[in-house]
Amino acid sequence: MARSKVRYVCQACGAVAPRWAGRCDACGEWNTLSEERADQPVSGAKGRTLPKGRTVALQTLAGNEEAPPRILTGIGELDRVAGGGLVPGSAILIGGDPGIGKSTLLLQALARMAQAGRRCIYVSGEEAVAQIRLRARRLGVAEAPVLLAAETNVSDIVSTLSEGARPDVVVIDSIQTLWSSMIEAAPGTVSQLRAGTEILIRHAKKTGCVMLFVGHVTKEGQIAGPRVVEHMVDTVLYFEGDRGHQYRILRAVKNRFGPTDEIGVFEMAGRGLIEVENPSLLFMGDAQAQSAGAAVLAGMEGARPLLVEVQALVAPSALGTPRRAVVGWDTARLAMVLAVLETHGGVRIGGHDVYLNIAGGLKVREPAADLAAAAALVSSLTGNPLPPRTAVFGEIALSGVIRPAGQTAQRIREARKLGFETIITAADGTADNDPAIRRVETVADLVAMIAGNALSGD
Ligand code: TYD
Ligand code: MG
């Protein structure tokens, strides 16, 4: 067989390369190229004439489409993240680390919907029917009329779903186990994943059932991750959290039928996932103790305010290259805040080991966390705790200027509601006459405030 019949596909980003290489040129990941047969040359259209197509009627933008009806899962946090329930005919991907609770969440949701009279099918390629039954018993939903199948062959799955009454909701656990004989590649490769998912999405659109796909996030890149099918589905949710902590966050990162910055908060308990409806104070560690190196961020997750404790430890380093370790925040962001503190805040932190941790296993992404991180770092370095009951938020620019964050009023309201009287935030030009709102213009102001402990007298 000619060598041109082979191509190499990156299992991390899906880029196609003609030759094998240790590193993918497109995404820079190592050891992710995998050999596949190239039946369809990538530039297949070249040199051929486009066949004549039929004309389609053009439509106007205005129409009287009704909002799509939604299927409520009965799990409020999941419904909210999905944009107010599941849209029939849509494809939803739930990604996350192995063991985080994806199967548990979906089995609980299916059980609720089945109990409400929906026809629900759970297709597992990872576990045997007996194992799923055991989990259902543990979750206390063994009596729910959910239909089970342990199957990985896409053709068999489609035939099964087409048989009998149309299902309302189908779970495919997981896309990594899907396998189709049409594709000559090993299960778990980009080609298999894409082909299997595409066939099932087409089935969902045709029949109007909801397809929920589970996708494991894989760090090694030997098996393809959910990223490679993100563009095909309507909604992408990520389930995250720290396995050492009981809290789990469901986050929408793409949603054709709703907002994308919503989160759902769950607690993993002995009998499955429990919804946490008012998570404001969950991620607080022992902030009440007022130790140096802790600052409370008045954060926002989508439309929800959330108070989160940021913990920092700054200690003189014995190493030539000091350690920088971050849990729950962005390493690059920490490096930036440290550099700004050195350059514009006059803080000598370069020779220190720096550890930064977000309490409770939450991952914080918003830039408003900059100021809270900076406050925790300066507090740890100087040994001066922030004044009691203080919340902090604001974005730090490279120039050292503190920028206001969005939804300022809402953040302050929530912090106050929970007893955080003093607020440290950016000067936004408005002169408020509330002395408990401390405006800092630059990181130098923040450093002076904490180093001099100027606030402690209040
Ligand atoms: P699982 O849903 O199997 O994870 P995933 O499908 O994302 O790989 O969750 C597995 C973990 O959840 C496992 O470590 C045990 C824990 N767990 C509980 O703590 N309580 C429960 O009721 C269940 C079913 C699982
Ligand atoms: Mg699972």
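Residues numbered from 1 in each chain as written. Chains lettered and ligands numbered in written order. Predicted model: local features only at pLDDT ≥ 70, side-chain atom pairs only at ≥ 80, totals over all residues. Heavy atoms only, no water.

1. Let's talk about the domain arrangement of the chain
What the domain assignment reports for the chain is domain 1 (6-37), domain 2 (76-277) and domain 3 (281-456). Each of domain 1 and domain 3 has a C-alpha centre, and these two points are 41 Å apart. (Domains from an automatic or database assignment.)

2. Remarks on the sheet that holds strand β14 (residues 304-316)
Adjacent strands of a sheet pair through backbone hydrogen bonds, lying either parallel or antiparallel. Ordered in space as β15-β16-β14-β13-β17-β20-β21, the 7 strands form an open sheet in which the pairing is mixed. Among the strands making up the open sheet, the edge pair consists of β15 (324-327) and β21 (437-440). Direction aside, neighbouring strands of the sheet carry axes that sit 25° apart on average. Examined bridge by bridge, β14 and strand β16 (residues 352-358) share 7 bridges and lie antiparallel to one another. Residue Ala 312 lies in a different strand from β16, and its bridge partner there is Leu 356. In the packing of helix α7 (residues 369-382) onto the sheet, the strands contacted are β13 (294-301), β14, β16, β17 (390-392), β20 (422-426) and β21, and the crossing angle to β14 comes to about 35°. (Pairing = 2+ DSSP bridges. Helix = DSSP H or I, 4+ residues; strand = E, 2+ residues; numbered from the N terminus. Axes fitted to C-alpha atoms, helices over the stretch in contact; angles between N-to-C directions. Contact = heavy atoms within 4.5 Å.)

3. Overview of the nonpolar core
Ranked by size, the top nonpolar core spans 62 residues in total, and within it Trp 329, Leu 341, Leu 356 and Leu 377 carry the most contacts. Tallying contributions element by element places α7 first for this core, with 9 residues. Residue-level mapping places this core at the junction of two domains, with at least three residues from each of domain 2 (76-277) and domain 3 (281-456). Excluding residues that lie within four positions of it along the chain, Leu 356 makes contacts with Val 310, Gln 311, Ala 312, Ala 325, Val 326, Val 327, Trp 329, Leu 334, Ala 373 and Leu 377. (Core = buried A, V, L, I, M, F, W, Y, C linked by side-chain atoms within 4.5 Å. Buried < 20%, exposed > 50% of the residue type's maximum accessible area, 1.4 Å probe, protein only.)

4. A look at the pattern of salt bridges
Scanning the model with the defined rule gives 18 salt bridges in all. One salt bridge in this structure joins Asp 234 and Arg 256, with 2.8 Å as the shortest N-O distance. Taken as a pair, Asp 234 in the loop between β8 (210-216) and β9 (235-241) and Arg 256 in the loop between β10 (247-255) and β11 (263-269) lie far apart in primary sequence, 22 residues in all. The class for Asp 234 is buried, based on a relative accessible area of 3%. (Salt bridge = Lys/Arg side-chain N within 4 Å of Asp/Glu carboxyl O.)

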